[in-house]
Amino acid sequence: MKTLVVAATKAELTFFYQHFNLPDGDFVESKNFDLLITGVGMVATAFALGKHLSSKYNLVVNFGIAGSFDRDIALGTVLNIAEDTFAELGAENGDEFLTISDLGFGENHYTSKTNKSINLPMAKGITMNCVTGSEKSIKNLMKRLNPTTESMEGAAVFYASKQLNIDCLQIRSISNYVEPRNKDNWKIGLAIKNLNDWAIAFVGEMN
Ligand SMILES: O=C(O)c1cccc(C(=O)CC[C@H]2O[C@@H](n3cnc4c(=O)[nH]cnc43)[C@H](O)[C@@H]2O)c1
């Protein structure tokens, strides 16, 4: 059985590719793990996992950077996203938001699943099509879901893994605070370095 490592962009796993001497592809097979680069967002992630996820894997690990709603979390902190919600999936009813479970169409909330002990703080994520960038949206999301982090893929990876009953983890490194957009404030390099250090140690120890 193998692990499937999943990331949205190659850039997020730059040092991981280097460390394991991986060829420069979007789907790379190696002895102990395979690596899948999906592209950014839930649709690209679902399509790529639909093509590549199978019962030959016993663990899916989604690595990536993320935004934090919590300013007490330092940029560059690596977190174990233990639960994740498709935050926009549902219907507006005036000022009220109805989830797809409220509508009777299934679940919008998913969790990680593993028997491994993960030496990272746990956090609650949401998954968005649109990076949140206004005070009004932040206030609404905080009130409705009280998330710690935001990504554009996490819940889709949990969803696909659950469909095939495969264990899954989501590990995210904080690159920015969720705020009105100002890319100058993002610390992508630091987040990617810390994420890759953790990923290399974790996947290396599994071998
Ligand atoms: O600009 C760069 O150098 C660069 C290098 C690597 C990756 C990126 C990305 O923008 C990755 C997009 C990826 O990041 C996640 N993300 C990060 N912050 C947030 C956020 O505040 N809200 C939602 N998603 C966020 C997301 O999962 C994207 O897939 C740039």
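Residues numbered from 1 in each chain as written. Predicted model: local features only at pLDDT ≥ 70, side-chain atom pairs only at ≥ 80, totals over all residues.

As recorded in an unreviewed UniProt entry, the protein goes by Futalosine hydrolase and comes from Pedobacter ginsenosidimutans. Under the UniProt heading Pathway (unreviewed entry), the note attached to the protein is "Quinol/quinone metabolism; menaquinone biosynthesis." One UniProt comment on the protein, placed under Catalytic activity (unreviewed entry), says "futalosine + H2O = dehypoxanthine futalosine + hypoxanthine". (UniProt positions renumbered as here; feature names shortened; annotations may be inferred.)

Trainee: Got a sec to walk through the environment of T3? Specific residues and values, please.
Mentor: Mapped onto the elements, T3 comes out in strand β1 (residues 2-7). A sequence separation of 30 residues divides T3 from F33, and the C-alpha atoms of the two residues are 4.7 Å apart. For T3, the residues in contact, after removing those within four places along its chain, are N32, F33, Y57, L59, V61, V203 and M206. (Helix = DSSP H or I, 4+ residues; strand = E, 2+ residues; numbered from the N terminus. Contact = placed C-beta atoms within 7 Å.)

Trainee: Hey, could you go over the site of the ligand for me, with residue numbers and the actual values?
Mentor: Taken together, 19 residues form the shell around the ligand, and within it A8, A11, G67, S151 and M152 come nearest. Elements supplying a minimum of two residues to the shell around the ligand: β4 (57-68), β10 (149-151) and β11 (167-177). For the shell around the ligand, the element with the highest residue contribution is β4, accounting for four residues. (Near = placed C-beta within 6 Å.)

Trainee: Give me the lowdown on the packing of helix α2 (residues 42-52) against helix α4 (residues 154-163), citing residues and values where you can.
Mentor: Running from amino to carboxyl end, α2 crosses α4 at an angle of 25 degrees, the nearest separation of the two axes being 9 Å. When the axis of α2 is compared with that of α4, the two are roughly parallel. α2 and α4 meet at a crossing whose hand is right-handed. Where α2 abuts α4, its residues M42, T45, A46 and L49 lie against A156, V157 and A160. Classifying every residue of the contact of α2 with α4 by side-chain character gives six nonpolar, one polar and no charged. (Axes fitted to C-alpha atoms, helices over the stretch in contact; angles between N-to-C directions. Parallel < 35°, antiparallel > 145°, perpendicular 65-115°, else oblique. Left-handed = near helix turned anticlockwise from the far one by under 90°. Nonpolar A, V, L, I, M, F, W, Y, C, P; charged D, E, K, R; others polar.)

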